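A structural walkthrough
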Amino acid sequence: MEAMGLLTITARLRPVFDRAEAPGAVPAAVPLASGGTGPHLLCFPALSALSGPQEYARLARGLAGLRPVTALPHPGFQRAERLPATMDAFVTAQAAAVLAAADGEPFALLGRSAGGWAAQAVAQRLAAEDAAPVAVVLLDTYPAARADRDEALAPMTADMLRQAARFASHDPDRLTAMAGYFSLYSGWRPERPAAPTLFVRAGEPLPGTAPAPAWPLPHTEITVPGDHFTLLEGHARSTARTIHDWLAELPHQ
């Protein structure tokens, strides 16, 4: 993991924003689907250099006409964007982005992989401010306890770095943002349930990678076809239906 260590050092040299500057630091929300009457599904991308709103495009097509879907990019992945100085700054920024995108309507938060950490952290903040989501959806998210996470994710992270070096070498901000966020979350753990939670487990583990451990907070777990990546690619429609059906069964949905 030498490459990640070097990227982490470089990330510390980038401009940052603090809590006071957080509301103005978030990128614009990206609408992906409209229609329907269910709560707005607000999606946090994963934290890899190759992640972004595009990873939810196929999921959104499967939900079009059923419920609105919007992606909320993380600050720092595009040129001239600053990284959050602290976890508090990050959660403050994304909580503000959620409330702006929801515009007073019911909403659920979703994240794939490490994007689930963002969904949970922001849900905790909003619950503490009496603005909790109706639900949190975690797509094959590994718990953030560092030792267990790093052992399970080592092969995946190594492959991710190889792909990122090939496709994102022209944009080093994306690589350092990835390292910066993994460092930011290194000591973070989910603290308390913030809303009914669905853990969507990939049915096919990646070669050399252990299945995601159980999410440590109370939740409902459903296994879907595909692996950590293809559950949002070739199997995105069935994943979308699983999420929609579970959300529709919640009280007052």
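All of the points below concern the structure found in this document. (Residues numbered from 1 in each chain as written. Predicted model: local features only at pLDDT ≥ 70, side-chain atom pairs only at ≥ 80, totals over all residues. Heavy atoms only, no water.)

Overview of the environment of Trp-117
Residue placement: Trp-117 occurs in helix 4 (residues 115-128). Judged by relative accessible area, which is 1%, Trp-117 ranks as buried. Measuring from C-alpha to C-alpha, the distance between Trp-117 and Phe-44 comes to 9.1 Å, with 73 residues separating the pair along the chain. (Helix = DSSP H or I, 4+ residues; strand = E, 2+ residues; numbered from the N terminus. Buried < 20%, exposed > 50% of the residue type's maximum accessible area, 1.4 Å probe, protein only.)

Considering helix 7 (residues 236-249)
With 14 residues, helix 7 extends 20 Å from end C-alpha to end C-alpha; this agrees with the ideal 20 Å at 1.5 Å per step. Listed as buried for helix 7 are Ala-236, Thr-239, Ala-240, Thr-242, Ile-243, His-244, Trp-246 and Leu-247. Where the residues of helix 7 are buried, they touch strand 3 (40-44), helix 2 (57-63), strand 6 (107-112), strand 7 (135-139), strand 8 (197-202) and strand 9 (220-224). (Expected span 1.5 Å × (residues − 1). Contact = heavy atoms within 4.5 Å.)

A word on the sheet that holds strand 7
Two modes of strand pairing occur in sheets, parallel and antiparallel, and in both the strands are linked by backbone hydrogen bonds. Read across the open sheet, the 7 strands follow the order 2-4-3-6-7-8-9; overall the sheet is mixed. One side of each edge strand has no neighbouring strand; the edge strands of this open sheet are strand 2 (30-33) and strand 9. The mean angle between the axes of side-by-side strands here comes to 25°, regardless of whether they run parallel or antiparallel. Pairing of strand 3 with strand 4 (residues 69-71) involves 3 bridges; the strand directions are parallel. (Pairing = 2+ DSSP bridges. Axes fitted to C-alpha atoms, helices over the stretch in contact; angles between N-to-C directions.)

A few points about unusual backbone geometry
Across the chain, the bulk of peptide bonds are trans and the bulk of non-glycine residues have phi less than zero. Although it is not a glycine, Asp-130 adopts a positive phi angle of roughly 60°. Of note, Asp-130 is situated in the loop between helix 4 and strand 7. Judged by relative accessible area, Asp-130 falls into the exposed class, the value being 77%. Positive phi values are uncommon outside glycine, yet Asp-140 reaches one of about 50°. Structurally, the position occupied by Asp-140 is in the loop between strand 7 and helix 5 (146-167).

Thoughts on the pattern of salt bridges
Within this structure, the stated rule accounts for 7 salt bridges. In this structure, Arg-82 and Glu-21 form a salt bridge, with 3.3 Å as the shortest nitrogen-oxygen distance. On the criterion of sequence distance, the pair formed by Arg-82 in the loop between strand 4 and strand 5 (83-84) and Glu-21 in the loop between strand 1 (16-17) and strand 2 is long-range, its members being 61 residues apart. Among the residues examined, Arg-82 registers a relative accessible area of 29% and is labelled partly exposed. (Salt bridge = Lys/Arg side-chain N within 4 Å of Asp/Glu carboxyl O.)

Focus: helix 3 (residues 87-102)
Relative to the 22 Å expected for 16 residues at 1.5 Å per residue, helix 3 spans 22 Å between its end C-alpha atoms, a close match to the ideal helical length. With 12 of 16 residues buried, helix 3 lies mostly within the body of the structure. For helix 3, the elements touching its buried residues are strand 1, strand 3, strand 5, strand 6, helix 4 and helix 6 (172-184). Phi turns positive one or two residues past the end of helix 3, at Asp-103, with a value near 55°.

Side note on the nonpolar core
For soluble globular proteins, nonpolar side chains are generally found buried alongside one another. Core analysis: the biggest nonpolar cluster contains 44 residues, and Leu-42, Phe-44, Val-98, Leu-109, Trp-117 and Tyr-185 have the highest contact counts within it. At the level of secondary structure, the elements contributing two or more residues to this core comprise helix 1 (2-11), strand 3, helix 3, strand 6, helix 4, strand 7 and helix 6. When residues no more than four places from it in sequence are discounted, the contact partners of Val-98 are Leu-42, Phe-44, Leu-72, Phe-107, Leu-109, Val-122 and Leu-126. Within the second largest apolar cluster, 24 residues are counted, among which are Ala-33, Tyr-56, Val-200 and Leu-247. (Core = buried A, V, L, I, M, F, W, Y, C linked by side-chain atoms within 4.5 Å.)

By themselves, these figures tell us nothing about what the structure is for.
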